[in-house]
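# An overview of the molecular structure
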Amino acid sequence: MAAKQEKKNHKLAKKIRARWQIYLLLLLPVAYIVVFAYVPMGGLVLAFKHYRVKDGIWGSAWVGLENFNKFFHSYNFGTIIKNTLTISFYSLIASFPIPVMFALLLNAMRGKRYKKVIQTVTYVPHFISTVVMVGLVFQLLDNRSGIYGNLYTLFTSSTAPSLLGVGTNFKHIYVWSGIWQNLGYNSIIYIAALTSVDQALHEAAEIDGASRWQRLLHIDFPAILPTTSIMLILAVGRIMNIGYEKALLMQNNLNLNYSEIISTYVYKVGLASGINDYSLSTAVGMFNAVINLILLFTANWGSKKLSGSGIF
């Protein structure tokens, strides 16, 4: 057994020496993951302590599950969880299939020039910063000086009602502005998967009289189905991770009951409030991560049962 293991190690060392340039390139991303993903995990112990700066992480007193109980019994716990789940599932249901359909339709276009123009136009918004994007949303939807307000006044000769001041509109504005911003970028992986489709299949189907829609439905879509399944699993695994920057920037006193989510709550409790309860914010973040992990395993199990493909 030892001889067999030694032989495997020798083969591995031989492969590394033969391709040392590739392994050298891997050092930087591996170091990045270790430093920024694995090392900070030691800080999760704060969730079970009453952290005091003068005592440090390891010197602070243990309190067990007190921080979790504090969060679960807080007055706005139900609202935060409800808002997070509502926006997360809304975003998943609305935003996940649209890039898939966009990639399929773009791949079906005949004119390469128009295809490239459309790709470029849809990619650009992804690279706009969150602050600028929220500023654009505010400018467009302002009921007095924005495009929405001006058009409403033009056709009705009256002042438009405020969309940004109605709390129930928050989730719609948040989700659909995100879809517009990330449509082109999220479709890249599906477009790449479609390039691997054997054109002989399309030629044979066209000879048999299949329409472009039938070829898209029976050739292109099955070709990207494994990729779609994996991306769906990953999306479900991130379902509770709503970016706090955009939600925080879009918050106001009128929509706070609909826009307060876990990530913004963690930021406010840990950094933005006068209390700076690092232990509570760590506990909330850990709770969020555990829920994501459970959803990831559940989605992977369901995908393997239904389609036979998964990420592990």
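A quick note: this is a predicted structure, and the numbers were derived from the prediction, not measured. (Residues numbered from 1 in each chain as written. Predicted model: local features only at pLDDT ≥ 70, side-chain atom pairs only at ≥ 80, totals over all residues. Heavy atoms only, no water.)

## With respect to the confidence of the model for the protein
Scored by pLDDT, the protein comes out at a mean of 85, with 96% of its residues at no less than 70. Mean pLDDT across the secondary structure elements of the protein bottoms out at helix 1 (residues 2-18), with 75, and peaks at helix 10 (residues 170-186), with 90. (pLDDT = per-residue confidence, 0-100. Helix = DSSP H or I, 4+ residues; strand = E, 2+ residues; numbered from the N terminus.)

## Quick word on the pattern of salt bridges
A complete count under the given rule lists four salt bridges for this structure. A salt bridge links arginine 212 to aspartate 220; the nearest nitrogen and oxygen atoms lie 3.6 Å apart. Note on arginine 212: relative accessible area 23%, which makes it partly exposed. Note that glutamate 260 and lysine 268 form a salt bridge whose closest N and O atoms lie 3.2 Å from each other. (Salt bridge = Lys/Arg side-chain N within 4 Å of Asp/Glu carboxyl O. Buried < 20%, exposed > 50% of the residue type's maximum accessible area, 1.4 Å probe, protein only.)

## Description of the nonpolar core
In terms of nonpolar packing, the biggest core is built from 38 residues, with Phe71, Ile262 and Tyr265 touching the most fellow members. Of all elements in the fold, only helix 4 (66-72), helix 5 (77-95), helix 6 (97-108), helix 11 (188-194), helix 13 (212-237), helix 16 (262-272) and helix 17 (278-306) reach the threshold of two or more residues within this core. Leaving out residues up to four positions away in the same chain, isoleucine 262 has contacts with Ile80, Ile81, Thr84, Met240, Val284, Phe287 and Asn288. One finds Ile87, Phe170, Ala247 and Ile261 within the second-largest nonpolar core, a separate group that totals 15 residues. (Core = buried A, V, L, I, M, F, W, Y, C linked by side-chain atoms within 4.5 Å. Contact = heavy atoms within 4.5 Å.)

## Examining the packing of helix 12 (residues 199-207) against helix 13
Think of two packed helices as two axes; the pair is described by the angle between the axes and how far apart they sit. Packing of helix 12 against helix 13 brings their axes to within 10 Å, and their N-to-C directions diverge by 140°. As judged from the angle between their axes, helix 12 and helix 13 are oblique. Here the hand of the crossing between helix 12 and helix 13 comes out right-handed. Contact residues: Leu201, His202, Ala205 and Glu206 in helix 12; Arg212, Arg215, Ile219 and Asp220 in helix 13. Its residues assigned to classes, the contact of helix 12 with helix 13 comprises three nonpolar, one polar and four charged. (Axes fitted to C-alpha atoms, helices over the stretch in contact; angles between N-to-C directions. Parallel < 35°, antiparallel > 145°, perpendicular 65-115°, else oblique. Left-handed = near helix turned anticlockwise from the far one by under 90°. Nonpolar A, V, L, I, M, F, W, Y, C, P; charged D, E, K, R; others polar.)

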